[in-house]
Structures are given as C-alpha cells and as structure tokens.
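Coordinates in review
If you want the building blocks of each chain, they are given just below.
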Amino acid sequence: DTAVSQTPKYLVTQMGNDKSIKCEQNLGHDTMYWYKQDSKKFLKIMFSYNNKELIINETVPNRFSPKSPDKAHLNLHINSLELGDSAVYFCASSQRPALGANVLTFGAGSRLTVL
Amino acid sequence: TQLLEQSPQFLSIQEGENLTVYCNSSSVFSSLQWYRQEPGEGPVLLVTVVTGGEVKKLKRLTFQFGDARKDSSLHITAAQPGDTGLYLCAGPSGTYKYIFGTGTRLKVLA
C-alpha cells in the first residue's frame with residue numbers, strides 16, 4: 001500500500017486551463033505539504049497544512065489553491081495555468097511539525113506540462 | 001532567509017571511486033537530513049543528524065554534521081551504479097517548513 005499517493009502522475013494541458021492534483025496519505029500523519037520541483041531539480045515548499053489548517057503559504061500566486069478536506073488528503077487546484085507552472089509537484093507528509101527527528105514522506109510526484 | 005547550498009552540483013564518477021558531497025549554510029540548523037531521489041520518484045530519507053559533530057554511517061555512506069550545525073557532508077566509499085541519483089540535504093526552517101538544498105546529481109558509471 002503506497003504511503004503517500006498522488007494522482008495524476010502526468011498532466012499535459014494548455015495555457016489558461018485549470019487543473020487539480022490529488023494527494024492522500026495513509027500514514028496517520030498530521031502535517032502535509034506541497035512542494036514544487038523545477039527543471040533544475042530545486043525543491044521549493046509551496047504550502048504546509050497541519051490537521052487540515054493552512055499554516056504556510058510560501059508567497060504562492062492566488063491561482064494556486066490547496067484544499068484539505070481531512071488530515072489524510074491535501075489537494076492542489078491551479079487556475080489559469082501559465083508556462084512557468086510547468087514542474088513536478090510533490091506532496092509530502094510528516095508525523096508532526098518540522099522538528100529535529102521528523103521524517104518527510106513524499107509521493108512519487110505529478111509532472112505538469114503547460115503548452 | 002535560510003539557504004542550503006550544495007556542492008558539487010553535478011558529479012560523474014567511475015564505479016569504485018570515493019566522493020564527498022557538501023551542504024553549507026550561513027544559518028544554524030537544529031538538524032539536517034539527507035534524501036536521495038531517483039528519476040520518477042519522490043525523495044527518500046537517508047539519515048537525520050541532530051548533534052553538532054555527529055557522524056552517522058549507513059553501509060558505504062558516511063554523514064557528518066558540522067560542529068556549528070551550519071553544514072553537513074555525505075561521503076560515499078566505493079561508489080556503485082546503484083548510488084546514482086539526486087542527493088538533497090534539508091533542514092527545518094520554523095515549525096512547519098523544511099527547506100531543501102540545491103541538490104547534487106550523482107552518476108556512477110559501471
């Protein structure tokens with residue numbers, strides 16, 4: 001059973017469209033994250049949720065709207081897609097906030113290509 | 001703003017060689033982690049170091065946390081093709097945020 005699962009694995013879409021990525025974790029973790037990995041492989045945090053509550057919004061454009069219906073799910077909806085949104089988006093979870101011995105468990109990523 | 005700079009950015013070596021990857025910051029971290037990411041997958045945790053000067057070994061991989069807790073290194077002995085991947089250091093930045101290093105892409109040739 002996959003610990004952190006994301007769907008879809010690949011999205012190819014036109015500029016201006018809206019798309020969603022879903023994430024589910026079965027680890028019982030309280031904290032979930034969205035990261036964006038660019039073409040240079042730099043992994044940058046976008047959002048952090050704890051028990052369904054938004055904690056961190058790392059100056060992400062309003063076109064990105066995360067939603068956490070319960071603490072096991074964190075979805076990402078993107079409106080009016082732009083070329084620069086092309087990247088791999090990773091969902092991750094951790095048992096508790098970013099403390100010393102905590103572990104981030106990542107999904108396999110969702111590769112978004114905007115044409 | 002806390003930053004984690006890794007060097008080298010790219011490394012291509014022959015099987016059997018040794019290598020060291022560095023992760024440096026001007027900020028103090030309460031802990032640092034190392035992850036490895038393979039193509040098409042998410043990063044997977046290798047180790048967490050929490051005490052300044054700490055050394056941890058994981059088979060052929062040796063991890064060290066700097067005395068001042070501003071840097072860390074990963075040393076691989078007798079690298080194998082299976083070690084190929086993207087190596088990322090990471091550290092907590094506040095309570096609900098991990099930041100990642102700039103990454104080191106390692107390729108080990110058979």
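As a reminder, the structure under discussion sits directly above these lines.
My aim in this report is to walk through the structure given alongside it, one point at a time. (Residues numbered from 1 in each chain as written. Chains lettered and ligands numbered in written order. Predicted model: local features only at pLDDT ≥ 70, side-chain atom pairs only at ≥ 80, totals over all residues. Heavy atoms only, no water.)

1. Digging into the state of the cysteines
Residues and elements named next belong to chain A. So the rule is basically this: Whenever a pair of cysteine sulfur atoms sits within 2.5 Å, that pair is classed as a disulfide. Each helix is a run of H or I in the DSSP string that is no shorter than four residues. Each strand is a run of E no shorter than two, and both are numbered from the N terminus.
Enumeration according to the criterion identifies two disulfides over all chains in this entry. Between the sulfur atoms of cysteine 23 and its disulfide partner cysteine 91 the distance amounts to 1.9 Å. Disulfide cysteine 23-cysteine 91: torsion about the S-S bond near -75°, hence left-handed. Taken together, the residues span a long stretch of sequence, with cysteine 23 in strand E3 (residues 19–25) and cysteine 91 in strand E9 (residues 87–94) at a distance of 68 residues.

2. Some thoughts on the nonpolar core
How we decide: What is meant by a nonpolar core is a set of buried Ala, Val, Leu, Ile, Met, Phe, Trp, Tyr and Cys residues, joined one to another through side-chain atoms within 4.5 Å. Each residue is placed in one exposure class: buried if its accessible area under a 1.4 Å probe, protein chains only, is under 20% of its type's maximum, exposed if it is over 50%, and partly exposed if it falls in between. By definition, residues are in contact when any of their heavy atoms lie within 4.5 Å.
Counting 22 residues, the largest nonpolar core has Leu4(B), Leu19(B), Trp34(B), Phe63(B), Leu74(B), Ile76(B) and Leu106(B) as the members making the most contacts within it. For this core, the secondary-structure elements that each account for two or more residues are strand E3 (19–24), strand E4 (32–37), strand E5 (44–49), strand E7 (61–65), strand E8 (71–76), strand E9 (85–92) and strand E11 (104–109) of chain B. Each residue touching Leu74(B), except ones within four places of it in the same chain, is listed here: Leu19(B), Thr20(B), Val21(B), Trp34(B), Leu61(B), Thr62(B), Phe63(B) and Tyr87(B). If you look at the next biggest cluster of nonpolar residues, it comprises 20 residues, including Val4(A), Leu11(A), Tyr49(A) and Leu112(A).

3. Re the interface of chain B and chain A
Put simply, the rule is: Put simply, buried area is the surface a 1.4 Å probe can reach on two separate parts but cannot reach once they are joined, added for both. A carboxyl oxygen of Asp or Glu within 4 Å of a side-chain nitrogen of Lys or Arg is what we treat as a salt bridge.
If you look at the interface, chain B gives 23 residues, while chain A gives 28 residues. Surface buried jointly by chain B and chain A totals about 2,000 Å² across both partners, of which 60% is contributed by carbon and sulfur atoms. Considering only the surface of chain B that becomes buried against chain A, Tyr96(B), Tyr98(B) and Phe100(B) emerge as the three largest contributors, covering 37% of it. If you look at where chain B meets chain A, you find one salt bridge. The partner of Glu58(A) in a salt bridge is Lys97(B), with the nearest N and O atoms 2.6 Å apart.

4. Considering the side chain of Ser68(A)
Residue and element names in this part refer to chain A. Where we set the bar: Two N or O atoms count as a polar contact when they lie within 3.5 Å, although within protein this holds only if one can serve as hydrogen donor and the other as acceptor, and sequence-adjacent residues are included solely when both atoms are side-chain atoms.
Mapped onto the secondary structure, serine 68 falls in the loop between strand E7 (64–67) and strand E8 (75–78). A polar contact of 3.0 Å, which involves the side chain of serine 68, links it to the backbone oxygen of aspartate 70. Engagement of the side chain of serine 68 in a polar contact is seen with the backbone oxygen of histidine 73, the distance being 2.9 Å. Once residues within four sequence positions are removed from consideration, serine 68 is found in contact with Tyr49, Lys52, His73 and Leu74.

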